[in-house]
Amino acid sequence: MLENLHFPEGFIWGASTAAHQIEGNNVNNNWWAREHAVATDIKEPSGDACDSYHRYKEDISLLADSGLTMYRFSVEWARIEPEEGYFSRAELLHYRRIVEFCWEQGVEPMITLHHFTVPNWFAAQGGWRNPNAPNLFSRYVGFLQPLLDGVTWICTINEPNMVAMTQGGETGEDMVASSLPEPNVDIAHTISEAHHKARALLKQDPAKKVGWSVAAQAFHAMPGCENETQDYAYWRETFFFEQAVDDDWIGVQAYLRTFIGKHGPLPVPDDVEKTKNGWEYFPPALGIGVKTAWKLTGGKPVFVTENGIATDNDSRRIDYTYGALASLLQEMEGGVTVLGYLHWSLLDNYEWGSFSPTFGLVAVDRTTFERLPKPSLAWLGKAARTGVVTATERLGPDL
């Protein structure tokens, strides 16, 4: 019999999005270029996405009305600096209006400054392979200061460990992001330097709470493969947690676990339940990721900045989230400081090549852009209002 989960007073509840995945028509970044390249490997382009560039008030209102109190969204660098050295004050004011509407609705904004996409001009210079990239990023962050006035929570870079697994662009046909078979150590160091420079700039205001978010992958060693797992994890996760030891908080984004054998990761077994994007249905990944982050950062406060499931069955979304939160609460009761939980995602959005993996608490009609709240939004909002995660009847994957 499942029990209700009781979270402490002051725990923060919210949901997350990312600019390219919801705004629509981000035509000046490297992902748009990849989507529209000749012989692209992308299933479908982002296009209008969720049209949240124009409909952000509706989105934030849905979040606020449910009871959630934090909205994590990202700023699109390619809108702010569409050409090198040219900064758009109109776009800066657009994002400032989002911040101010959050406050009007009683919602605390958390702003991510970089969520995967980069301007085409930046990609053409080598992207994160360019040794000058930290200075270019720092210049961009400096221009954002009026936007960030009064904003407490700032995430500099989303999943830098995943960025280190992409090329990021150089010149010509290499301008678009592409997956790498191994993490690029140079990118890892460069993007860490960019984070540290941005943090130093932002912390000129001591009231700001600055961190970054790492994709925690719940690595499991097969018998006798402990050393291989430790080595495999270092440049894919460990290094990036270590870079956060001087931050105000560390973000954890957890969805799945990965088994490591003598020759690397093993495929997901055929006989386990899988999400729409082929990941194993494994809610305890969140607790594992949070514990790993806490340990590797020397006890840095943790913020769950993403956690969720790609499914068309909202009952399974609630069940998955309940299991994830149960594993999170267990770690909190064991001494880990966790500041809050932000669900991925507020909306069914563009998941880097396809609209098919539906992670949202709110569905979006692909023709009219009508927002259709799911029961999971009300369920999570109730947890935010009461501090109690209500246990529901545990439903199987076919229900």
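Keep in mind the model is a prediction, meaning the values are calculated, not measured. (Residues numbered from 1 in each chain as written. Predicted model: local features only at pLDDT ≥ 70, side-chain atom pairs only at ≥ 80, totals over all residues. Heavy atoms only, no water.)

## Brief notes about the environment of Ala293
Thinking step 1. Counting through the fold element by element, Ala293 comes out in helix α12 (residues 285–296).
Thinking step 2. Along the sequence, Ala293 and Val336 sit 43 residues apart, while their C-alpha atoms lie 9.7 Å from each other.
Thinking step 3. Setting aside residues no more than four positions away along its own chain, Ala293 makes contact with Phe241, Ile250, Val252 and Val302. (Helix = DSSP H or I, 4+ residues; strand = E, 2+ residues; numbered from the N terminus. Contact = heavy atoms within 4.5 Å.)

## What about the side chain of His114?
Thinking step 1. Along the chain, His114 turns up in the loop between β4 (108–112) and α6 (120–124).
Thinking step 2. Setting aside residues up to four positions removed in sequence, His114 forms contacts with Trp77, Trp128, Phe137, Thr156, Ile157, Asn158 and Val163.

## As for the UniProt feature "active site" (unreviewed entry) in the protein
Thinking step 1. Here the UniProt-annotated "active site" (unreviewed entry) positions come out as Glu306.
Thinking step 2. By the secondary structure assignment, Glu306 is in strand β11 (residues 302–307).
Thinking step 3. Residues within four places of Glu306 in sequence aside, it is in contact with Ser16, Arg72, His115, Asn158, Glu159, Val252, Gln253, Ala254, Tyr255, Leu342 and Trp344.
Thinking step 4. Here Gln253 takes part through its side chain, which lies 3.1 Å from a polar atom of the side chain of Glu306. (UniProt positions renumbered as here; feature names shortened; annotations may be inferred. Polar contact = N/O pair within 3.5 Å; in protein donor to acceptor, adjacent residues only side chain to side chain.)

## Some points on the sheet that holds β11
Thinking step 1. Spatially, β2-β3-β4-β5-β6-β8-β11-β12 is the arrangement adopted by the 8 strands of the closed barrel, whose pairing is parallel. Strand after strand, the sheet turns through a mean of 25 degrees between neighbouring axes, direction not considered.
Thinking step 2. Looking at chain direction, strand β2 (residues 12–16) and strand β3 (residues 70–74) are connected through 3 bridges and run parallel. Its bridge partner being in β3, Ala15 is matched across the sheet by Tyr71.
Thinking step 3. Each of β6 (209–216) and β8 (250–254) touches helix α11 (residues 226–242); the most contacted strand, β6, lies at about 165 degrees to it.
Thinking step 4. Against the sheet, helix α13 (residues 314–333) engages β2, β8, β11 and β12 (338–344), with an angle of about 165 degrees to β12. (Pairing = 2+ DSSP bridges. Axes fitted to C-alpha atoms, helices over the stretch in contact; angles between N-to-C directions.)

## Points about empty space enclosed by the protein
Thinking step 1. According to the stated counting rule, one finds 1 cavity of 30 Å³ or more in the structure shown.
Thinking step 2. Empty space within the largest cavity amounts to approximately 80 Å³.
Thinking step 3. Lining the largest cavity we find Thr17, Ala18, Ala19, Ile22, Glu23, Ser52, Tyr56, Tyr71, Phe73, Ser74, Tyr95 and Ile98.
Thinking step 4. If you list the elements that add at least two residues to the lining of the largest cavity, you get α1 (19–22), α3 (52–66), β3 and α5 (89–104).
Thinking step 5. No other element matches the 3 residues that β3 contributes to the lining of the largest cavity.
Thinking step 6. For the lining of the largest cavity, a count of residues per class yields 8 nonpolar, 3 polar and 1 charged. (1 Å grid on protein atoms, 1.4 Å probe; cavity = no way out; pocket = protein on both sides within 12 Å on 5 of 7 lines; lining within 4 Å. Points joined across faces, edges and corners; volume = space filled by probe spheres on them. Nonpolar A, V, L, I, M, F, W, Y, C, P; charged D, E, K, R; others polar.)

## A few points about the environment of Phe359
Thinking step 1. In this fold, Phe359 is placed in the loop between β12 and β13 (362–364).
Thinking step 2. What makes Phe359 buried here is its relative accessible area of 3%.
Thinking step 3. Residues Phe359 and Trp344, spaced 15 residues apart in sequence, show a C-alpha to C-alpha distance of 6.3 Å.
Thinking step 4. Setting aside residues up to four positions removed in sequence, Phe359 forms contacts with Tyr255, Asn277, Trp279, Gly308, Ile309, Ala310, Arg317, His343, Trp344, Ser345, Asp348 and Glu351. (Buried < 20%, exposed > 50% of the residue type's maximum accessible area, 1.4 Å probe, protein only.)

## Looking at the nonpolar core
Thinking step 1. Core analysis: the largest hydrophobic core is formed by 91 residues, its most contacted members being Phe7, Trp13, Leu113, Trp128, Phe137, Leu325 and Leu328.
Thinking step 2. When sequence neighbours within four positions are dropped, the list of residues in contact with Phe7 reads Trp13, Leu325, Leu328, Leu329, Met332, Gly387 and Val389.
Thinking step 3. Among the nonpolar cores identified, the runner-up in size contains 8 residues, and Ile12, Cys155, Trp249 and Leu342 belong to it. (Core = buried A, V, L, I, M, F, W, Y, C linked by side-chain atoms within 4.5 Å.)

## What to know about the environment of Thr275
Thinking step 1. Here Thr275 shows up in the loop between β10 (264–265) and α12.
Thinking step 2. Taking the C-alpha atoms as reference points, Thr275 and Thr358, 83 residues apart in sequence, are found 9.8 Å from one another.
Thinking step 3. Setting aside its immediate chain neighbours within four residues, Thr275 contacts Ile309 and Ala310.

## Things to note about the pattern of salt bridges
Thinking step 1. Here the structure, examined in full by the defined rule, presents 20 salt bridges.
Thinking step 2. In this structure, Asp41 and Arg34 form a salt bridge, with 2.6 Å as the shortest nitrogen-oxygen distance.
Thinking step 3. On the basis of relative accessibility, which here comes to 56%, the residue Asp41 falls in the exposed class.
Thinking step 4. Arg34 gets classed as buried once you look at its relative accessible area, which sits at 11%.
Thinking step 5. The salt bridge partner of Arg316 is Asp319, with a shortest N-O separation of 3.3 Å. Remark: Asp319 and Arg316 occur in helix α13; sequence separation between them is 3 residues, near one turn of the helix. The pair Arg316 / Asp319 is uniform in exposure class, with both members buried.
Thinking step 6. Connected via shared salt-bridge partners are Glu23, Arg79 and Glu91. (Salt bridge = Lys/Arg side-chain N within 4 Å of Asp/Glu carboxyl O.)

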